[in-house]
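# Structural description and commentary
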Amino acid sequence: MTSIPKTTHIIIVGAGWAGQGVCEALGAETPPNTVVTCIDARETLSVGATWQFGLDGRAKPMEVPLSKTSAAKFLRKGTVQSVDYAAKHVNLQFGVLPYDHLVLACGAVSDPSTIPGLEEHCVDLTAKKNFTDDIERFLDAVEPGGKTKRVVISIAKCPYKCPPLPFEVACLIDDAAKRRGKGVRDAVSITVTSPVPWPFGGPKAKKAFTEAMAAKNITYLPETQVISVDEQDGRKLVKTSGEELVADLVLATFPHRAPDFVKDLAKAKGSVPVDLRTNAVAGKEGVYCVGDACAALIPSAGVPIPKAGEFAYKAGLALGKRLAALVRGEEAPLPTERSARCVAETGGGEGITVGPNFDAAFADPENGKPAFAIEPHADGTTAKVAWIQGYLDRFAPDQGIVFEAGAPRNVES
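Residues numbered from 1 in each chain as written. Predicted model: local features only at pLDDT ≥ 70, side-chain atom pairs only at ≥ 80, totals over all residues. Heavy atoms only, no water.

## Some details on the overall build of the chain
In terms of regular secondary structure, the chain is built from eight helices and 27 strands. The C-alpha atoms of the chain give 22 Å as radius of gyration, which agrees with the globular expectation for 413 residues (22 Å, within 12%). Scored against the burial criterion, the 413 residues of the chain give a buried share of 54%. Contacts spanning at least 24 positions in sequence make up 68% of the contacts within the chain whose residues lie at least 6 apart. (Helix = DSSP H or I, 4+ residues; strand = E, 2+ residues; numbered from the N terminus. Rg over C-alpha atoms; globule rule 2.2 N^0.38 Å. Buried < 20%, exposed > 50% of the residue type's maximum accessible area, 1.4 Å probe, protein only. Contact = heavy atoms within 4.5 Å.)

Written out as structure tokens, the structure reads:
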């Protein structure tokens, strides 16, 4: 009698950047007798790097239909309620799905609950794609020669999504204010706070960004933890571990954590600890976590691996290739490289290239050290647009989805 081959079930929760990487790899080499299911309740994939282009009408934030992405053939719309790790099945609102391999690419959710007033009085830079509308309303209210309007950009907690973002936004506000006519920038105060001395990229990144901010008269307050935010007489009062800051607009990277359905796997800081190279969750057979929901340390340096954007995608791609090999009964390769490169805009079309490279640490986790390439870029905006387009072409191959950014409009007061 001929035996029927066992069907292997791979479930991916989330079709964001990490999930796209997993789906791309499995789509290219799906093992026989394997059922791949990607669960996501959304209709689109958001490209967060396009959000700030909304400022002064340069471009609309980009949303890619999931139906046009590499995940499309595996998609099943739904929301995960819980996971039974002992029985190895996922509970959804419409039923139960069994798994042999479960990939938690579920992203992280904003959780402002630990800082009173944050949700009520601040704009979440990592969750509100049209945050540039708030910036434009703030700038429109500035009167040259009048009372100074103050914007505070706060990193509420580390780690957070997209480390250069608060500093990039500060520089773009400076640039937008200058284009609003004589005297507008002089009437705008811009302050960035961080709860740590510097949040990413080491001394090179700190030097490049703090020098850029100083040249633009942007105040940087390191080791300044936001304790609470209140409102009085129409202005925001930001209580910190240092001085109290008064602002007309507060933009912040909110604290974030893994979603509720994986909270039993998350540790004190809200993320799910995983193995650096395999993304496996210890003690949970066949379970992996990748992207913003996970956390892993580089043993040689004692620092966390970046986990958003390009890093999430590449981690997902490596995991998908590994899963395909495991299901085929082959030796599963361990990734020996992990790097990324993007550009943070600094205004006037310029930028700073940020290139974290962890290849040595992935090749030899106990001894390999991280490296960072930090360089000024005279044509940073063009480079950023090219980077965005490169990922659109990867996420939605042959779909002709194009991101174009126009010149910012000049807004005279």
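## Some details on the sheet that holds strand β17 (residues 245–247)
Taken in spatial order, the three strands line up as β15-β16-β17 in an open sheet, and their pairing is antiparallel. Looking along the sheet, the strands with just one partner apiece sit at the ends: β15 (226–232) and β17. Each strand axis lies, on average, 25° off the axis of its neighbour in the sheet, ignoring direction. (Pairing = 2+ DSSP bridges. Axes fitted to C-alpha atoms, helices over the stretch in contact; angles between N-to-C directions.)

## Some words on the pairing of strand β7 (residues 89–92)
Direction of pairing for strand β6 (residues 80–84) relative to β7: antiparallel, over a ladder of four bridges. Residue Ser82 lies in a different strand from β7, and its bridge partner there is Asn91. The turn linking β6 back onto β7 is made up of four residues, and Lys88 within it adopts a positive phi angle of 60°. Where β7 lies against strand β8 (residues 95–98), four bridges are found, and the strand directions are antiparallel. Residue Val90 lies in a different strand from β8, and its bridge partner there is Leu97. The loop that links β7 with its antiparallel partner β8 comprises two residues.

## Here we look at the packing of helix α1 (residues 17–28) against helix α8 (residues 380–395)
Helix-helix packing is characterised by the crossing angle of the two axes and by the distance between the axes. Viewed as axis vectors pointing N to C, α1 and α8 meet at an angle of 45°, and their least axial separation amounts to 11 Å. Classified by the angle between their axes, α1 and α8 sit oblique to one another. Contacts from Trp17, Gln20 and Glu24 of α1 reach α8 at Trp387, Tyr391, Arg394 and Phe395. (Parallel < 35°, antiparallel > 145°, perpendicular 65-115°, else oblique.)

## Focus on the environment of Glu29
Mapping Glu29 onto the fold places it in the loop between α1 and β2 (34–40). The class for Glu29 is partly exposed, based on a relative accessible area of 28%. Put simply, Glu29 and Ser300 are 271 residues apart on the chain and 33 Å apart in space, counted from C-alpha to C-alpha. Every residue in contact with Glu29, bar those within four places of it in the chain, is listed here: Lys321, Ala324 and Arg328.

## Observations regarding the pattern of salt bridges
Inspection of every chain in the model, using the stated rule, returns 22 salt bridges. The salt bridge involving Arg180 is made with Asp56; its shortest N-O contact spans 3.0 Å. Of this pair, Arg180 sits in the loop between α4 (165–178) and β13 (188–193) while Asp56 sits in the loop between β3 (44–47) and β4 (62–65), and the two are 124 residues apart along the sequence. Of the two residues examined, Arg180 and Asp56, each falls in the buried class. When the shortest N-O distance is used, the salt bridge between Asp111 and Arg257 registers 2.9 Å. Here the residue Asp111 occupies a position in the loop between β10 (109–110) and α2 (118–121), and Arg257 occupies one in strand β19 (residues 256–257), the gap between them amounting to 146 residues. By relative accessible area, Arg257 is classed as partly exposed at 26%. Each of Asp56, Asp140, Asp175, Arg179 and Arg180 takes part in salt bridges that share partners, so that together they form one network. (Salt bridge = Lys/Arg side-chain N within 4 Å of Asp/Glu carboxyl O.)

Shape is all these values report; function is a separate question.
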